[in-house]
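# Structural overview
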Amino acid sequence: MRRKLVAGNWKMNGLGASLAEVDALVAAHPAPACEVLICPPATLIHRLAARAGSAISVGGQDCHAAASGAHTGDISALMLQDAGASHVILGHSERRADHHETDADVRAKAASAMDAGLVAIVCLGETGAERDAGRALAVVAGQVAGSVPEGVNPGALVLAYEPVWAIGTGRTPTLAEIAEVHALMRAELAARFGADAAARVRLLYGGSVKPGNAAAIFAVPDVDGALVGGASLKAADFSAIIAALEGAPA
Ligand code: PEP
């Protein structure tokens with residue numbers, strides 16, 4: 001029912017020469033058994049899409065909520081789609097922190113992305129202080145309520161649970177903690193959109209996913225794949241994570 005997805009977030013990394021990593025990935029996974037997505041900087045979307053063909057999907061890392069207009073430096077969902085993107089990451093914690101993006105901002109961007117025909121990957125997750133205070137579940141439930149627009153096409157929505165304290169740190173929650181949050185996200189979606197629709201939304205885990213821990217994380221119930229930062233920059237590491245997802249329980 002849900003096609004597994006492994007998404008690489010290159011963040012503000014990557015020049016033309018980095019496309020060699022994509023060539024190596026395509027050579028290793030010409031017809032992957034799961035969906036493979038790379039979200040490079042916007043400057044590489046067009047070239048990456050041309051280079052990756054059908055083996056790898058390409059996504060943006062953010063979009064503006066408006067389709068066009070006087071917003072210097074911003075990029076619209078339609079522009080991403082026009083450049084060759086099929087997905088867009090929204091509400092990443094780095095954007096929530098660096099650009100003060102609120103749940104309402106993320107919700108508007110997600111609606112705009114879906115209007116443009118993109119799959120919206122909405123990022124959620126508690127800070128370390130919030131987890132230490134026992135508030136992780138409440139924070140994530142609030143972000144699901146605030147960041148997911150009404151009337152979604154469940155096939156065009158992906159939620160990525162990314163505890164802020166796990167991003168780029170080498171630390172991860174326990175498998176039980178991941179399972180607890182993913183079950184909560186599924187339940188929140190079901191309460192709002194119904195069980196059938198909720199069962200079609202893919203739920204990713206993100207935060208220090210590496211070749212060494214990917215298989216264990218992919219065996220957690222309700223984990224449909226991963227959003228990967230640092231380990232997506234090197235073809236060898238990302239390839240090992242793709243292979244782990246290909247071998248994960250259905
Ligand atoms: C991310 O920033 O989305 C991420 C998951 O980063 P990393 O894998 O490097 O922790």
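Residues numbered from 1 in each chain as written. Predicted model: local features only at pLDDT ≥ 70, side-chain atom pairs only at ≥ 80, totals over all residues. Heavy atoms only, no water.

Around the ligand sit 14 residues in total, of which Lys11, His92, Gly168, Ser208 and Gly229 are the nearest. In this structure, Gly168 approaches the ligand through a main-chain N or O atom, which is 2.7 Å from an oxygen atom. Between the ligand and Gly229, the relevant distance is 2.8 Å, taken from an oxygen atom to a main-chain nitrogen or oxygen of the residue. Considered on its own, the ligand offers 300 Å² of accessible surface; in the complex 98% of this is hidden by protein. Looking at side-chain class alone, the shell around the ligand contains four nonpolar, eight polar and two charged residues. (Near = heavy atom within 4 Å. Polar contact = N/O pair within 3.5 Å; in protein donor to acceptor, adjacent residues only side chain to side chain. Areas by Shrake-Rupley, 256 points an atom, 1.4 Å probe, with all protein chains shown as cover. Nonpolar A, V, L, I, M, F, W, Y, C, P; charged D, E, K, R; others polar.)

Attention shifts here to the environment of Gln143. Among the secondary structure elements, Gln143 is positioned in helix H7 (residues 136–147). Sequence separation between Gln143 and Leu5 is 138 residues, and the spatial gap between their C-alpha atoms is 22 Å. (Helix = DSSP H or I, 4+ residues; strand = E, 2+ residues; numbered from the N terminus.)

Looking now at the packing of helix H1 (residues 19–28) against helix H2 (residues 45–52). For the pair H1 and H2, interaxial distance at closest approach is 10 Å and the crossing angle is 25°. Relative to H2, H1 is oriented roughly parallel. Where H1 crosses over H2, the handedness of that crossing is right-handed. Contacts between H1 and H2 involve Leu19, Ala20, Val22, Asp23 and Val26 from the former and Arg47, Leu48, Arg51 and Ala52 from the latter. Tallied by class, residues from the contact of H1 with H2 come to six nonpolar, no polar and three charged. (Axes fitted to C-alpha atoms, helices over the stretch in contact; angles between N-to-C directions. Parallel < 35°, antiparallel > 145°, perpendicular 65-115°, else oblique. Left-handed = near helix turned anticlockwise from the far one by under 90°. Contact = heavy atoms within 4.5 Å.)

Moving on to the environment of Val139. In this fold, Val139 is placed in helix H7. With a relative accessible area of 11%, Val139 lands in the buried category. Spatially, the C-alpha atom of Val139 lies 8.6 Å from that of Leu124, the residues being 15 residues apart in sequence. Those residues in contact with Val139 that lie beyond four places of it in its chain are Gly125, Glu126 and Glu130. (Buried < 20%, exposed > 50% of the residue type's maximum accessible area, 1.4 Å probe, protein only.)

Where strands meet in a sheet, backbone hydrogen bonds hold them as pairs that are either parallel or antiparallel. An order of S1-S2-S3-S4-S5-S6-S7-S8 is seen for the eight strands of this closed barrel, with the pairing classed as parallel. For this sheet, the mean angle separating the axes of adjacent strands, direction not counted, is 25°. With four bridges joining them, strand S1 (residues 5–9) and strand S8 (residues 225–228) adopt parallel strand pairing. Looking across to S8, one finds that Leu5 is bridged to Gly225. Along the sheet face, H7 touches strand S5 (119–124) and strand S6 (157–161) and points at about 150° away from the line of S5. (Pairing = 2+ DSSP bridges.)

Another aspect to go through is the side chain of His29. Along the chain, the position of His29 falls in the loop between H1 and strand S2 (35–39). Ignoring anything within four residues of it in the chain, the contact list for His29 reads Ala55, Ser239, Ile242, Ala243 and Glu246.

This next bit is on the pattern of salt bridges. Per the stated rule, a full pass over the model turns up 16 salt bridges. Among the ionic pairs, Arg2 bridges to Asp222, the shortest N-O distance being 3.8 Å. Taken together, the residues Arg2 in the segment before S1 and Asp222 in the loop between helix H10 (214–218) and S8 connect sequence positions 220 residues apart. Arg2 sits in the partly exposed class, given a relative accessible area of 28%. A residue is classified by how much of its surface remains accessible, and Asp222, at 24% relative accessible area, is partly exposed. Residues joined by salt bridges that share partners form a network here, namely Arg2, Arg186, Asp222 and Asp224. (Salt bridge = Lys/Arg side-chain N within 4 Å of Asp/Glu carboxyl O.)

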